[in-house]
Amino acid sequence: MTTPLRLYDSMRRDKVPFEPLEPGKVGMYVCGPTPYAPAHIGHAFSAISFDTIRRSLAFLGYDVRYVRNVTDVEDKIIRRANEVGEDSVALAARFADDYNRDMARFAVLPPDVEPKVSTHIPQIVELIVKLVENGSAYPVDGDVYFAVDKFPAYGRLSGMTIDELRSGASDRELVEKQKKNPVDFALWKAAKPGEPFWPSPWGNGRPGWHIECSAMPVAHLGVTFDIHGGGKDLIFPHHENEIAQSQGAYGPTTFARYWMHNGFLNFAGEKMSKSLGNVFNCDEIANAVGGEALRFFCVEHHYRSPVEFDVESVRDASNEVVGVRFRSLEAADRRLEDFYKTLAKIDAFVVQGGDAGEGTVLAEAERLIPEAREALTDDFNAPVVMSKLHEAKTLANRLLDIGKGTDKQVRRRTLARLGKDMRIVGGALGILANDPARYLADRRDRLVRRCAIDVARVTQLIADRVTARGSKDFTRADEIRGELTALGVELHDTPQGTDWSVQDVG
RNA sequence: GGUGCCAUCGCCAAGUGGUAAGGCAGUGGUCUGCAAAACCACCAUCCCCAGUUCAAAUCUGGGUGGCACCUCCA
């Protein structure tokens, strides 16, 4: 049982009904990393976008086969490998492992298949042979180029004509003389000294960029498959070329049936660039605010929207940049904390009350899952799902606060239901899967570190205050609270005792 | 220069023809020894101009202001 859905298809430039090749099943290919350096936030943003789509499809009842490639044969990798004297495929494998480890911190699920270029050379060569044989491609001195003129539909995805592209290309004098047409692109590159190579009918060489993403989906999903995804920046030339290569070989109705592209992450103020020294690695972000905060931030936005990302440089007295603050992620983490606080309270309440048995729950609590389903069927509208989660959280807190007027068992069942359903819906977005106590403890540890809180001193002051309050010495108690406030610590008196948190006001 | 996208409350952000989701912040209140948390209440007519329509944030034209791609940058 799957729920019908509509999604925005970049090719048709409109939301269209999604009809998978096989009912109930989705074959999905997403362009993965070209690993030659640690993954940065942009990589994470893309991976999270499509992981959310994948999870949402599963939530809607689809059986998803998710293929995300690793492009491990590529110019930048080879250059980097030569710089450090390492085998390029090995270097890529190392960074690909790092990438997957980083993505796991953002709750990105491992793909079902993670094909690499280096292990798909025969399939790539086979595809190029087919293109040469049918006249779509031509070899020149050990290189092989795709003849764009032979593919009239070229430019359809990016909305450009071959002529427009040709003028753009010659303007910048990127004409490589052996090409018949400046917009033609390489399928196979003859081996150069210091580069990895594989044998081929055209001599030793290696695949060009693009061809792997035509060969590998076919190998793992078939000649025609449902969804192809990637960042907006990949529309041209990467995806345009993939279409030309694949349909040039297999025919006009083959390859991806739906094209999905996620919006880009933009940096307010300074752009992310290596020269400015402000590339933000996944590792750095996950350590600073926790991986789930970034995930939460991502799903608060629609996957197709461009997102502004605030990064604030921290400067010392001499105006030297000594660090960065991810304000928007810190704020997202605060919102996320509210969910875990509520979940913690629900869990405690449910455990304490025992099994409330089967029976009715408040109607309001039954809405969350259907509403989430409805939102996700409309082009994966995660922000609307988030609004429903907020409403569920408020309902739960209301029930926790005032139980009066509600049947005791119904109240308990409703809260249990909310705790369960919030996690199910959160699962569709890749959030709320952690143990609340664990999350809350981790978060406090992060803040303690960021604000350099002396925990031993805090504990001592709180103990002193407990004593003061015990003897109704409220003046002294408030005095101590004043001291703690000055340290950046906030107190929470509860029937179970006094807890504390770090004042997180930016 | 070419192509495409966007402009919604102080901030973030949904909403593609039927009369503005949600969050943060703010204000008032409940609770509390006082607080904090939580809860309750309040809090926008959608960049500008012109048009289409019974009806537009949503469609068309123009303007202004942002952004992206055309450079193997996710």
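Below is a short write-up of the structure. (Residues numbered from 1 in each chain as written. Chains lettered and ligands numbered in written order. Predicted model: local features only at pLDDT ≥ 70, side-chain atom pairs only at ≥ 80, totals over all residues. Heavy atoms only, no water.)

1. What about the pattern of salt bridges?
Next, step 1: Within this structure, the stated rule accounts for 42 salt bridges.
Next, step 2: Between Glu479 and Arg476 there is a salt bridge whose closest N-O contact spans 2.7 Å. In this pair, Glu479 and Arg476 both sit in helix H16 (residues 474-487), three residues apart, roughly one turn of the helix.
Next, step 3: Judged by relative accessible area, Arg476 falls into the partly exposed class, the value being 30%. (Salt bridge = Lys/Arg side-chain N within 4 Å of Asp/Glu carboxyl O. Helix = DSSP H or I, 4+ residues; strand = E, 2+ residues; numbered from the N terminus. Buried < 20%, exposed > 50% of the residue type's maximum accessible area, 1.4 Å probe, protein only.)

2. A look at the side chain of Asp226
Next, step 1: Position of Asp226 among the secondary structure elements: in strand E9 (residues 224-231).
Next, step 2: Note on Asp226: relative accessible area 3%, which makes it buried.
Next, step 3: Beyond its immediate sequence surroundings of up to four residues, Asp226 is in contact with Phe18, Glu19, Pro20, Leu21, Lys25, Val26, Gly27, Ala256, Arg257 and Tyr258. (Contact = heavy atoms within 4.5 Å.)

3. With respect to the layout of surface pockets
Over the atoms rolls a probe the size of a water molecule, and its path tells where empty space is left.
Next, step 1: Its boundaries defined by the atoms lining it, the second largest pocket holds a volume of some 910 Å³.
Next, step 2: Around the second largest pocket, the lining is made up of 29 residues, and of these Lys341, Leu440, His492, Thr494 and Asp499 lie nearest the centre.
Next, step 3: Considering each element in turn, the lining of the second largest pocket owes the most residues, eight residues, to helix H10 (residues 327-353).
Next, step 4: Counting only domains with at least three residues in the lining of the second largest pocket, you end up with domain 2 (330-429) and domain 3 (453-502). (1 Å grid on protein atoms, 1.4 Å probe; cavity = no way out; pocket = protein on both sides within 12 Å on 5 of 7 lines; lining within 4 Å. Points joined across faces, edges and corners; volume = space filled by probe spheres on them. Domains from an automatic or database assignment.)

4. Topic: the state of the cysteines
Note on terminology: disulfide describes a covalent bond linking the sulfur atoms of two cysteines.
Next, step 1: Tallied over the entire structure, the rule returns zero disulfides.
Next, step 2: With no disulfide of its own, Cys213 lies closest to Cys31 among cysteine sulfurs, the gap being 4.0 Å.
Next, step 3: A disulfide-free cysteine, Cys282 has its sulfur positioned 10 Å from the sulfur of Cys298, the nearest such atom. (Disulfide = S-S within 2.5 Å.)

5. Quick notes on the packing of aromatic side chains
Next, step 1: For the coordinates displayed, the defined rule picks out 15 aromatic pairs.
Next, step 2: Relative to Tyr62, the ring of Phe18 lies with its centre 5.9 Å away and its plane at 65°, an arrangement referred to as edge-to-face. Residue Phe18 is located in the loop between strand E2 (14-17) and strand E3 (25-30), and its partner Tyr62 is located in the loop between helix H1 (41-59) and strand E4 (63-68); the two are separated by 44 residues in the primary sequence. Here Phe18 and Tyr62 have matching classes, each one buried.
Next, step 3: Taken together, the ring pairs connect Tyr29, Phe225, Phe255 and Trp259 into an aromatic cluster.
Next, step 4: Between the NZ or CZ atom of Arg304 and the centre of the ring of Tyr303, over which it lies, the distance is 6.0 Å.
Next, step 5: The side chain of Lys393 reaches across the aromatic face of Phe339, ending 5.4 Å from its centre. (Phe/Tyr/Trp six-rings, centres within 6.5 Å; stacked < 30°, edge-to-face > 60°. Lys NZ or Arg CZ within 6 Å of the ring centre and 35° of its normal.)

6. Considerations on the sheet that holds E3
Next, step 1: Spatially, E4-E3-E9-E10 is the arrangement adopted by the four strands of the open sheet, whose pairing is parallel. Looking at strand neighbours, the two that pair on one side only are E4 and strand E10 (255-262), the edges of this open sheet. In this sheet, neighbouring strand axes are inclined to one another by 25° on average, regardless of whether the strands run parallel or antiparallel.
Next, step 2: Pairing of E3 with E4 involves six bridges; the strand directions are parallel. When the bridges of E4 are listed, Gly27 appears paired with Arg65.
Next, step 3: With respect to the sheet, helix H6 (residues 212-221) is in contact with E3, E4, E9 and E10, its orientation differing from that of E3 by roughly 155°. (Pairing = 2+ DSSP bridges. Axes fitted to C-alpha atoms, helices over the stretch in contact; angles between N-to-C directions.)

7. A word on the sheet that holds strand E5 (residues 137-140)
Next, step 1: Spatially, E5-E6-E7-E8 is the arrangement adopted by the four strands of the open sheet, whose pairing is antiparallel. Looking at strand neighbours, the two that pair on one side only are E5 and strand E8 (205-207), the edges of this open sheet. In this sheet, neighbouring strand axes are inclined to one another by 20° on average, regardless of whether the strands run parallel or antiparallel.
Next, step 2: Sheet strands touched by helix H4 (residues 121-133): E5, strand E6 (143-146), strand E7 (185-190) and E8. Its angle to E7, the strand with the most contacts, is close to 120°.

8. Structural notes on the pairing of strand E14 (residues 321-325)
Next, step 1: Looking at chain direction, strand E13 (residues 312-315) and E14 are connected through four bridges and run antiparallel. Paired with Glu312 across the two strands is Arg325, which belongs to E14.
Next, step 2: With antiparallel pairing between neighbouring strands as the criterion, E13 and E14 make up a hairpin whose turn holds five residues, including Asn319 at a positive phi of roughly 70°.

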